[in-house]
Amino acid sequence: MPKTRHINTLSVRARWFYAVICFVAGSYPIAISLGYVTFEESDTATPLWVAAGVGSAFIIAGFMILLTRYGGANDLMAGVMLLIFASLGVWVSVFSSDAGFSGGVAWLPEDMNILIGRVFFGLGALVSLAMAVWAFRRAASGPKP
């Protein structure tokens, strides 16, 4: 089994490398949501705020990589990122169209597979929300020893 490394053991140069990858990956969906990158809106039924949320999560991850030694800031950013994940999960489970769901269990009717997908996205949103509350409480508790 390969030995894993803690992110604090990475050099500053390596952390910047990974952070820049996150910044670049997050910039494209944000550029789409702001209208800088055009695309055929009929190709998707997803609102533009979803793209902004996905891009923001990547940007926040980049800052978390850079600020690994600052626990309170990292906890706060983790809470925000988890709130983004929760909002995306709620949107998929409650508001997305049925056409966006595919796959599932072969012997179940399509409606049942869609319901299963919505339930699991909703459960994921609840777990993300609970983790966000934990991260915010941890950030509010002050510096760790």
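Please read all numbers here as calculations on a predicted model, not as lab measurements.

1. Remarks on the pattern of salt bridges
Argument step 1. In this structure the tally under the stated criterion is 1 salt bridge.
Argument step 2. A salt bridge links Arg-138 to Asp-75; the nearest nitrogen and oxygen atoms lie 3.0 Å apart. Taken together, the residues Arg-138 in helix α4 (residues 110-140) and Asp-75 in helix α3 (residues 71-95) connect sequence positions 63 residues apart.
Argument step 3. Since its relative accessible area comes to 35%, Arg-138 is described here as partly exposed.
Argument step 4. The class of Asp-75 is buried, set by a relative accessible area of 11%.

2. So, the packing of α3 against α4
Argument step 1. Where α3 meets α4, the closest approach of the two axes is 7 Å, and the angle between their N-to-C directions is 160 degrees. Judged by the angle between their axes, α3 and α4 are roughly antiparallel. Crossing of α3 against α4: the hand is left-handed.
Argument step 2. Counted by class, the contact of α3 with α4 contains 19 nonpolar, 6 polar and 3 charged residues.

3. As for the nonpolar core
Argument step 1. The biggest cluster of nonpolar side chains holds 14 residues, and the ones touching the most others in it are Ile-60, Met-64, Met-81 and Ile-84.
Argument step 2. Elements with a contribution of two residues or more to this core: α2 (48-66), α3 and α4.
Argument step 3. The element best represented in this core is α3, accounting for 7 residues.
Argument step 4. Ignoring anything within four residues of it in the chain, the contact list for Ile-60 reads Met-77, Val-80, Met-81 and Ile-84.
Argument step 5. In terms of nonpolar packing, the next biggest core, distinct from the first, is built from 5 residues, Ala-19, Cys-22, Phe-23 and Ile-65 among them.

4. With respect to a nonpolar patch on the surface
Argument step 1. On the surface, Leu-83, Met-112, Leu-115, Val-119, Phe-120, Leu-123, Leu-126, Leu-129 and Val-133 cluster together into a nonpolar patch covering about 820 Å² of accessible area.
Argument step 2. Looking at the nonpolar patch element by element, the count peaks at 8 residues for α4.
Argument step 3. Relative to the helices and strands, Val-119 is located in helix α4.

Thresholds, definitions, all that
Residues numbered from 1 in each chain as written. Predicted model: local features only at pLDDT ≥ 70, side-chain atom pairs only at ≥ 80, totals over all residues. Heavy atoms only, no water. Salt bridge = Lys/Arg side-chain N within 4 Å of Asp/Glu carboxyl O. Helix = DSSP H or I, 4+ residues; strand = E, 2+ residues; numbered from the N terminus. Buried < 20%, exposed > 50% of the residue type's maximum accessible area, 1.4 Å probe, protein only. Axes fitted to C-alpha atoms, helices over the stretch in contact; angles between N-to-C directions. Parallel < 35°, antiparallel > 145°, perpendicular 65-115°, else oblique. Left-handed = near helix turned anticlockwise from the far one by under 90°. Nonpolar A, V, L, I, M, F, W, Y, C, P; charged D, E, K, R; others polar. Core = buried A, V, L, I, M, F, W, Y, C linked by side-chain atoms within 4.5 Å. Contact = heavy atoms within 4.5 Å. Patch = residues over 30% accessible without salt bridge, like charges linked within 9 Å, V, L, I, M, F, W, Y side chains within 5 Å. Areas by Shrake-Rupley, 256 points an atom, 1.4 Å probe, with all protein chains shown as cover.

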